[in-house]
Amino acid sequence: LQSRGHKIVFIGIPDAEPIVRAAGLNFVPFCEKEYPAGAVSNGYANLTKLSGLEVVEYSLREMHPQRCRATLEHLEDAILKSGIEAMVIDTIHFFAELVPMKMGLPYVHIWNVLFIDRTGSSPSCFFTTPVGSTPEALAKNLETARETNRILSPVAEPAKEYAAKNGLDIDWNDPYATLSKLAVITQTPREFDCTIPELPTKFVYAGPFHDDEGRAKIPFSWERLTGAPLIYASMGTLLNGMEHVYRYILEAVGRFPETQIVLSVGKNISLSDIGFIPSNVIVVPRAPQLEMLKQAVLCITHAGHNTALESLAQGVPMVAIPVGFDQPGIAARIAHHGVGEFVEVGELSTDRLADLINKVMRQPHYRENAQRFKRLIADIQGLDVAAETIEDVLKTHTWTPSRLQNVANFLSEHS
């Protein structure tokens, strides 16, 4: 959007600033008191050893309600001070849209993560439930939806309080009541998703939002690569504190001495805790992921949305070890579309992981399917689709009387 001539302001808590600045965007901090620098790492520290539904339940009970409350308290001032005319909102900032709703400000929603189906028309992404159309599969979908709505319920409480206080009439029985009616855009390619019969209004499958630009440079000693087939392994940046997972990865890849492995372990792991490091493995705190994937024959991943899509964009098949959040649903799609296999953390072992690595590397259809997605992603140009959609739906929306009154009130209070 910025490259198309629009003035972009990114509003976020202070820990987001380095990432936003690296992308060349203007940054406006908010919620500084509640979330000073370092708060994100401190907040996620309790999640690094969890897996499965424990991850989602903890974050939606202990983290997101507080973030929602702070957002609803401070976002309006940040909007008014910045002169913002329209908003693009990450759906994982649950109910942040209530503020532009109150102000009469047009907004678009973005699904950076996998879409969370709360209706039961498809499997919820919090589970590795396989895609299916049998009565048993449909019943399982409804079961995952009930569990998902239970897990999400705590974060709705501050939203309901705010809506009541500000006279917003919302049907809380509709899980998509506050989603944008202009556009809801996902970076998941339609071809990678499962069929979801009950999507929100104006739902747009754009495709991945990443390219080679706007990233902080991560150093790596490229001369250490030998030219052997490269396996890139990473368990992400948040849920990456389980030492036994890394031990299984190291033991499994050690059985493939003809390959070379770059393992990124993040900052939650001490090398002394993960055991013997085979001679064909390079362990680093962080790696330049996109550059690694351009050379890799396989990616061992936590099934994070960005890593999965970046792997597909480079035509790299995957072996996934989903930990939490939307990763189980992404892992299920990896297997469903034949671009890799997955094993859940509770079933992980050296033998199981080594078998999957061998299977995905030796059977050509996994790479062929991944290469098909590479061509598809290159053709659809998700960033352009998203930007064009946002421009199209916002160009006809101007200042509303309620927004003009809010601006007038703000100027009066701060004169």
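Cut-off values and rules
Residues numbered from 1 in each chain as written. Predicted model: local features only at pLDDT ≥ 70, side-chain atom pairs only at ≥ 80, totals over all residues. Heavy atoms only, no water. Helix = DSSP H or I, 4+ residues; strand = E, 2+ residues; numbered from the N terminus. Rg over C-alpha atoms; globule rule 2.2 N^0.38 Å. Buried < 20%, exposed > 50% of the residue type's maximum accessible area, 1.4 Å probe, protein only. Contact = heavy atoms within 4.5 Å. Core = buried A, V, L, I, M, F, W, Y, C linked by side-chain atoms within 4.5 Å. Axes fitted to C-alpha atoms, helices over the stretch in contact; angles between N-to-C directions. Parallel < 35°, antiparallel > 145°, perpendicular 65-115°, else oblique. Left-handed = near helix turned anticlockwise from the far one by under 90°. Nonpolar A, V, L, I, M, F, W, Y, C, P; charged D, E, K, R; others polar. Disulfide = S-S within 2.5 Å. Pairing = 2+ DSSP bridges. Right-handed = clockwise from strand over helix to strand, strands pointing away.

1. Quick word on the overall build of the protein
Right, so step 1: When helices and strands are counted, the protein shows 13 helices and 12 strands.
Right, so step 2: The C-alpha atoms of the protein give a radius of gyration of 22 Å, which matches the 22 Å a tight globule of 415 residues would have.
Right, so step 3: Taking the principal axes of the C-alpha coordinates as reference, the protein spans close to 70 × 50 × 40 Å.
Right, so step 4: Out of the 415 residues in the protein, the part that is buried amounts to 52%.
Right, so step 5: Here the analysis covers contacts within the protein between residues at least 6 apart in sequence; of these, 65% occur between residues at least 24 apart.

2. Comments concerning the nonpolar core
Right, so step 1: Core analysis: the largest hydrophobic core is formed by 86 residues, its most contacted members being Ile79 and Val262.
Right, so step 2: Sort the elements by how many residues they give to this core and helix α3 (residues 53-82) lands first, with 12 residues.
Right, so step 3: Those residues within four positions of Val262 in sequence are excluded, and the remaining contacts are Phe220, Leu225, Leu230, Ile231, Tyr232, Ala233, Ile282, Val284, Ala287 and Met292.
Right, so step 4: Membership of the second largest hydrophobic core comes to 32 residues, among which are Met242, Ile321, Leu353 and Val360.

3. Quick notes on unusual backbone geometry
Right, so step 1: At Cys31, a position not held by glycine, the phi torsion is positive, near 55°.
Right, so step 2: Residue placement: Cys31 occurs in the loop between β2 (26-29) and α2 (39-44).
Right, so step 3: Notably, Gln381 is not glycine yet its phi reads approximately 50°, a positive angle.
Right, so step 4: Mapped onto the secondary structure, Gln381 falls in the loop between α11 (364-380) and α12 (382-394).
Right, so step 5: Taking the relative accessible area as the measure of exposure, Gln381 reaches 42% and is therefore partly exposed.

4. Here we look at the packing of α3 against helix α5 (residues 135-165)
Right, so step 1: Packing of α3 against α5 leaves a shortest axis separation of 9 Å and a crossing angle of 15°. Taken together, the axis directions place α3 and α5 in an arrangement best described as roughly parallel. Remark: the crossing between α3 and α5 carries right-handed chirality. The segment α3 lies against α5, with Leu53, Val56, Glu57, Leu60, Arg61, His64, Pro65, Cys68, Arg69, Leu72 and Glu76 engaging Glu147, Arg150, Ile151, Leu152, Pro154, Val155, Pro158, Ala159, Glu161 and Tyr162.
Right, so step 2: When its residues are assigned to classes, the contact of α3 with α5 shows 13 nonpolar, one polar and seven charged.

5. Describing the state of the cysteines
Right, so step 1: Evaluation of the coordinates by the stated rule reveals zero disulfides.
Right, so step 2: Not engaged in a disulfide, the cysteine Cys68 finds its nearest cysteine sulfur in Cys31; these two sulfurs lie 10 Å apart.
Right, so step 3: Looking at Cys299, it has no disulfide partner, and the nearest cysteine sulfur is the one in Cys125, 19 Å off.
Right, so step 4: With a relative accessible area of 0%, Cys299 lands in the buried category.

6. Details of the side chain of His210
Right, so step 1: Tracing the chain through its elements places His210 in the loop between β6 (203-205) and β7 (230-234).
Right, so step 2: Once you skip the residues sitting within four places of it in the chain, His210 turns out to touch Arg215, Leu309, Glu310, Ala313 and Leu383.

7. As for the sheet that holds strand β12 (residues 340-342)
Right, so step 1: Read from one edge of the open sheet, six strands run β9-β8-β7-β10-β11-β12, paired in parallel fashion. Every other strand in the sheet has two partners, leaving β9 (281-284) and β12 as the edge strands with one partner each. Ignoring strand direction, the axes of neighbouring strands in this sheet form an average angle of 15°.
Right, so step 2: Bridge analysis of β7 against strand β8 (residues 260-264) gives five bridges, and the strand direction is parallel. For Leu230, the partnering residue across the bridge sits in β8 and is Gln260.
Right, so step 3: Across the sheet, helix α9 (residues 327-336) lies against β11 (318-320) and β12, angled at about 140° from β12, the strand it touches most.

8. A short note on the pairing of strand β4 (residues 107-111)
Right, so step 1: Burial analysis of β4 places five of its five residues in the buried class, the great majority of the element.
Right, so step 2: Here β4 shows two buried faces, one formed by Tyr107, His109 and Trp111 and the other by Val108 and Ile110.
Right, so step 3: Taken together, the four bridges between strand β3 (residues 87-90) and β4 define a ladder with parallel strand orientation. Paired with Asp90 across the bridge in β4 is Ile110.
Right, so step 4: As paired elements, β4 and strand β5 (residues 184-186) share three bridges and run parallel to each other. Following the sheet pairing, Trp111 is matched in β5 by Thr186.
Right, so step 5: Read as a crossover between parallel neighbours, the route from β4 over α5 to β5 is right-handed.

9. Concerning α9
Right, so step 1: With respect to burial, α9 is a largely interior element, eight of its 10 residues being buried.
Right, so step 2: Of the residues making up α9, those classed as buried are Gln327, Pro328, Gly329, Ile330, Ala331, Ala332, Arg333 and Ile334.
Right, so step 3: Just beyond α9, the residue with positive phi is Gly338, at close to 70°.

That is the geometry; function is a separate question.
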